[in-house]
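Working through the structure, step by step
Each chain is listed here by its residues.
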Amino acid sequence: MARGFFITGTDTGVGKTVVTAALIKAIRLLGLKVCGMKPIETGCLKSKLKVKSSKLKVKEEVLIPSDGMFLREMAGMNDSIDLVTPIRFKNPLAPLPASEIEGVPVDLKVIQKAYRELSKNYDVVIVEGIGGLLVPITKGRSPFETPYFVLDLAKDFGLPIVVVSRPGLGTINHTMLTVNYATKEGLNVAGIIINYSLPPEGTLAEDTNPEVIKQFSPVPIIGIFPYLEDLKSGTIEKAAVKNLDIKTIKKYL
Ligand SMILES: Nc1ncnc2c1ncn2[C@@H]1O[C@H](COP(=O)(O)OP(=O)(O)O)[C@@H](O)[C@H]1O
Ligand SMILES: [Mg+2]
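Not measured: the values here are computed from a predicted model.

Structurally, the position occupied by Pro-218 is in the loop between helix H8 (204–216) and strand E12 (221–225). Among the residues examined, Pro-218 registers a relative accessible area of 54% and is labelled exposed. Taking the C-alpha atoms as reference, Pro-218 lies 8.7 Å from Thr-183; in sequence the two are 35 residues apart. The residues contacting Pro-218, other than those within four sequence positions of it, are Val-179 and Asn-180.

Attention now moves to the site of ligand 1. Residues in close proximity to ligand 1 total 16 residues, the closest being Gly-13, Lys-16, Thr-17, Pro-226 and Leu-228. Here Thr-17 contributes a side-chain N or O atom positioned 2.7 Å from an oxygen atom of ligand 1. The backbone of Val-18 places a nitrogen or oxygen atom 3.1 Å from an oxygen atom of ligand 1. Counting residues per element, the shell around ligand 1 draws most heavily on helix H1 (residues 16–28), at three residues. Of the residues assigned to the shell around ligand 1, the class counts are eight nonpolar, six polar and two charged.

This paragraph deals with the sheet that holds strand E7 (residues 124–128). The strand order E2-E7-E1-E10-E11-E12 describes an open sheet built from six strands, whose pairing is parallel. Of all strands in the sheet, those with a lone pairing partner are strand E2 (34–37) and E12, marking the two edges. With direction set aside, neighbouring strand axes in the sheet form an average angle of 20 degrees. Sheet topology places strand E1 (residues 3–9) next to strand E10 (residues 161–165); four bridges connect them, and they run parallel. Within E10, the position partnered with Thr-8 by the bridge is Val-163. Of the strands in this sheet, E1, E2, E7, E10, strand E11 (189–195) and E12 touch H1, which is tilted by about 170 degrees from E7. Relative to E11, helix H7 (residues 171–184) is tilted by about 160 degrees, and along the sheet it contacts E1, E10 and E11.

Basis of the calculations
- Residues numbered from 1 in each chain as written.
- Chains lettered and ligands numbered in written order.
- Predicted model: local features only at pLDDT ≥ 70, side-chain atom pairs only at ≥ 80, totals over all residues.
- Heavy atoms only, no water.
- Helix = DSSP H or I, 4+ residues; strand = E, 2+ residues; numbered from the N terminus.
- Buried < 20%, exposed > 50% of the residue type's maximum accessible area, 1.4 Å probe, protein only.
- Contact = heavy atoms within 4.5 Å.
- Near = heavy atom within 4 Å.
- Polar contact = N/O pair within 3.5 Å; in protein donor to acceptor, adjacent residues only side chain to side chain.
- Nonpolar A, V, L, I, M, F, W, Y, C, P; charged D, E, K, R; others polar.
- Pairing = 2+ DSSP bridges.
- Axes fitted to C-alpha atoms, helices over the stretch in contact; angles between N-to-C directions.

Next up, the structure:
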């Protein structure tokens, strides 16, 4: 299996996709062949694409995963989006309710198959999770079984975890909850990346949070990723080189 990371966050919208792209860029500069994967994406837009069937050119409705497409572009991949994001839902929900509403079960085997395929062709796979660790993906098979959460998906990938968190007030609790729970559940947490998904507010909390997290977290902060005016490939790459702790990241590769 390829090496890589599983990127989770303290919440949705914290910057997992941007940080996943930054890690792809930083690791590629180490001379490794890197790809991105967003195994499950919800909130996909419907688009009509011309698809070649055996004889006719038919228009088929497909769901476009924006995170998957972005990661594929950032990694410069030519692979089918079905490998990057094999499971897609229209509704912007956690996978379990989306799958129930849309009447399509989540087939975990499809994810593992796509991952094996990518692992054959790349040295490193950077996998973006969905939401946080306790987002449900499938129901347990019996009422006595707990659901399959993102945490379980992370365990099945078997990759070290990176936790993306917000910089401002409230992040100490959210970051510690995520890191400590992941560790308690036996995941290997490589570190935390604090990401500015919005311009800095210049608050005292933003200034002091990294020190407090450093003091109490069992894992290191491996980057404070800045707010970027644009999310172009070159801008993300430069910021990745400048702001990520490549030495620590390299230890896991
Ligand atoms: N470092 C950053 N600089 C600028 N915009 C960012 C940054 N990080 C995230 N964003 C923006 O914040 C929003 C949420 O980020 P995203 O990476 O999609 O979060 P998640 O994947 O955790 O849901 C997006 O609109 C994204 O473009
Ligand atoms: Mg995302």
